Amino acid sequence: MSIADALRESPGAERGVVAGRAAVLSSPGGTFTIEDVSLQKPRRDEILVRVVGVGVCHTDVVCRGDFPMPMPVVLGHEGAGIVEAVGSGVTHVRPGDHVVMSFDSCGACPNCARSAPSYCYNFMASNFGAVRPGDGSTPMSRGGGEAVNARFFGQSSFATHLIARERNTVVVPKQAPLEILGPLGCGIQTGAGSILNSLKVGRGDAVAIFGAGAVGLSAVMAARIAEASHVVVVEPNAARRDLALELGATAVVDPRGVEDVVAAVKAAGPGGVTHALDTTGIPAVIGNAFQTLLPNGQLGFVGMPPPDAMLPVNIMDMLVRGAGVKAYTEGDSDPEVFIPQLVNYYLEGRLPFDRLVKRYRFEDINEAFDDTVAGRAIKPVLVI
Ligand SMILES: NC(=O)c1ccc[n+]([C@@H]2O[C@H](COP(=O)([O-])OP(=O)(O)OC[C@H]3O[C@@H](n4cnc5c(N)ncnc54)[C@H](O)[C@@H]3O)[C@@H](O)[C@H]2O)c1
Ligand SMILES: [Zn+2]
Ligand SMILES: [Zn+2]
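Residues take numbers from 1 onward in each chain, read along the sequence in its written order. Each chain is given a letter, starting from A, and each ligand a number, starting from 1, according to the order in which they appear as written. Local features are withheld for residues below a pLDDT of 70 in this predicted model, meaning they are given only at 70 or higher, and side-chain atom pairs are given and counted only at 80 or more; totals for whole chains, interfaces and linings count all residues. Think of the side-chain values as coming from all heavy atoms in the structure, minus any hydrogens and water.

You'll find the chain entered in an unreviewed UniProt entry as NAD(P)-dependent alcohol dehydrogenase, with Zavarzinia aquatilis given as the organism. UniProt positions are given in the numbering used here, feature names are shortened, and annotations may be inferred rather than shown by experiment. A UniProt comment under Cofactor (unreviewed entry) is attached to the chain, and it reads "Zn(2+)".

Enquirer: If you had to explain the sheet that holds strand 2 (residues 32-39) to someone new, which residues and values would you point to?
Expert: When DSSP finds at least two bridges between two strands, those strands are taken to pair. Numbered from the N terminus, helices here are DSSP runs of H or I no shorter than four residues, and strands are runs of E no shorter than two. Ordered in space as 1-2-6-7, the four strands form an open sheet in which the pairing is antiparallel. What marks the edges here is a single partner per strand, and that holds for strand 1 (18-25) and strand 7 (146-148). Adjacent strand axes in the sheet meet at a mean angle of 50° when their direction is disregarded. Summarising the sheet, strand 2 and strand 6 (residues 140-142) pair through three bridges and their orientation is antiparallel. Note on strand 6: the bridge partner recorded for Leu 39 is Met 140. Under this scheme, a helix contributes an axis fitted over its contacting stretch, all axes are lines through C-alpha atoms, and angles between N-to-C directions fall in the 0 to 180 degree range.

Enquirer: Give a description of the coordination of the zinc ion (ligand 2) that names residues and reports values.
Expert: For the zinc ion (ligand 2), the full set of protein donor atoms is Cys 106 (SG), Cys 109 (SG), Cys 112 (SG) and Cys 120 (SG), and the range of their distances to it is 2.4 Å. Ligating atoms shown are N, O and S within 2.8 Å of the metal, or 3.2 Å for Na, K and Ca, and water is not included, meaning a site may look less than complete. Any coordination sphere not matching a tetrahedral pattern (four donors, all angles between 85 and 135 degrees) or a square planar or octahedral pattern (four or six donors, opposite donors over 155 degrees apart, other angles between 65 and 115) is reported as irregular. Because the angles between the four donor atoms bound to the zinc ion (ligand 2) fall within 100 to 119°, the donor set is best described as tetrahedral. Here the donor residues of the zinc ion (ligand 2) share one chain and are spaced in sequence as C-x2-C-x2-C-x7-C. In this pair, Cys 109 is assigned in the loop between strand 5 (98-101) and helix 3 (110-113) and Cys 120 in the loop between helix 3 and helix 4 (123-128), connecting sequence segments 11 residues apart. Note on exposure labels: buried denotes an accessible area under 20% of the residue type's maximum, exposed denotes more than 50%, and partly exposed covers the range between, all computed with a 1.4 Å probe on protein chains only. Classification of Cys 120 as buried rests on a relative accessible area of 5%.

Enquirer: Can you break down the pattern of salt bridges residue by residue, with the values?
Expert: By convention in these notes, a salt bridge is any Lys or Arg side-chain nitrogen within 4 Å of a carboxyl oxygen on Asp or Glu. Summed over the entire model, instances satisfying the criterion amount to 19 salt bridges. Taking the shortest distance from any N to any O, the salt bridge between Asp 135 and Arg 43 comes out at 3.0 Å. Of the two residues, Asp 135 sits in the loop between helix 4 and strand 6 while Arg 43 sits in the loop between strand 2 and strand 3 (46-55), which places them 92 residues apart along the sequence. A salt bridge links Arg 350 to Glu 348, with the shortest nitrogen-to-oxygen separation between them at 3.4 Å. Judged by relative accessible area, Glu 348 falls into the exposed class, the value being 51%. One salt-bridge network, in which partners are shared between bridges, spans Glu 35, Arg 142 and Glu 146.

As C-alpha cells, this is what we get:
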C-alpha cells in the first residue's frame, strides 16, 4: 500500500501518521543515529516526500557542531525524492512528481515579493530554526512521542520521508537522475548562481575562484557556461585542482606552493580579474581575493567564516579602484526558476556536477560526514 493510501485508510487519519526512519542528532557535535520516527500528514501548504537521495553540504557540518541547533534535530537540506501526498492548498506539486527541495522562505516579505527569496527577511527562522516558524511545531516524533525538530531548511532530508512546503519544493524532469539531484538545492545552486546570477559573469570576463569544494567547482562550471576568458582556481588540495582543470579552469594556483598568491592569480589572468568569488570563509583568503580585482571589479563571498571574523579590506583601496564586495546567499537563486535551468545544463552536458558526487548508503551517514570534513569527498550523496 502506498503511503498516500495509508494516509486515507488510517483510522487516525486526523493525525495521519507516517512511519519512517531518520538520522537523528541528539547532541551538538555528536554522531547521527538512524531511528524509527513518525511524521504527521502534510498540513494545508505542506508536501510529504519520500526521499531518494540527499547531499551533504558544509553547512550541515557546521550545524552538527558549531552552530546552535535545537536538539534533537534532523539535518539535511539537499533532498530529492518523490511526492507521496500534498496538503489541500498545494497547487503546483502532485503525488508522483520528482522534486528537489531547496531553502525555505516566507513568501510574504518584500524580498520574497521581488523574487529574491534567498534574502527573505525571515530566512534564519525559516531555515535554521528547524521548526515551523509560524507556531514552533515540528511534524516529526520518535519513541513515546518525543518531538524531533524536522524543519531544517524546510525539509530535514536526512530521512526516508520529509515534510516540505510548496515554496521550497521544485518539480524536476523525470529523465534526470533523481538520486543525485538534491545538491542542486544548495551547494551547486550557490556556486553556479554566484557566477551567473550574483556576479553576472559574461563572455570575456576574468574570474578567480578561491576554494574548489562543491561550491567552488560549481562556480568553475558556471564560469565556463558564461564563457569567461580566464577562470583561475586557488585550492590547496591537488586532486581538486586537477578536477577544476578538467571542469574548465584555465589555470590553478596552489596557495601553499607559491610565495605570493595575489601575484600568481594576477599573472594567470589579464593582470587581475574582473570577478572574484571566495568559498573558503577564511578572512585572509578574502583579503587576497580582493587584492586580485581590476578597477571596478567585484568580489563575492559565500563561505561560512569564524563567528568573530571581520573583513580585511582597506577602504581607500576599495575607493581608488571602485571595487565592490558583497556576501551572497544561495547564489541569488529563485529555486523555482534556477533549479530547472541547472537540470537543463546538466542534461545538455554543460554542468557535469555528477563528477563531484560520491554515493553512500544512508546507514553510512557518519562516514560521509567524516569524509567531507577530511576532504576525501567533494559532494557526498546519501542514497536512501
Ligand atoms: N552562502 C551560502 O548560501 C552558502 C551555501 C552553501 C554553502 N555555503 C558555504 O560555502 C562554503 C563552501 O562550501 P563547500 O561545500 O564547497 O565546502 P568545502 O569545504 O568542500 O570547500 C572549501 C574549499 O576551500 C579549500 N581551501 C582551504 N584553504 C584554502 C586556501 N587558503 N585557499 C584556497 N582554498 C582553500 C578547501 O581545500 C576546500 O576544497 C562553506 O563554508 C559552506 O558552509 C554557503
Ligand atoms: Zn520572505
Ligand atoms: Zn548548503
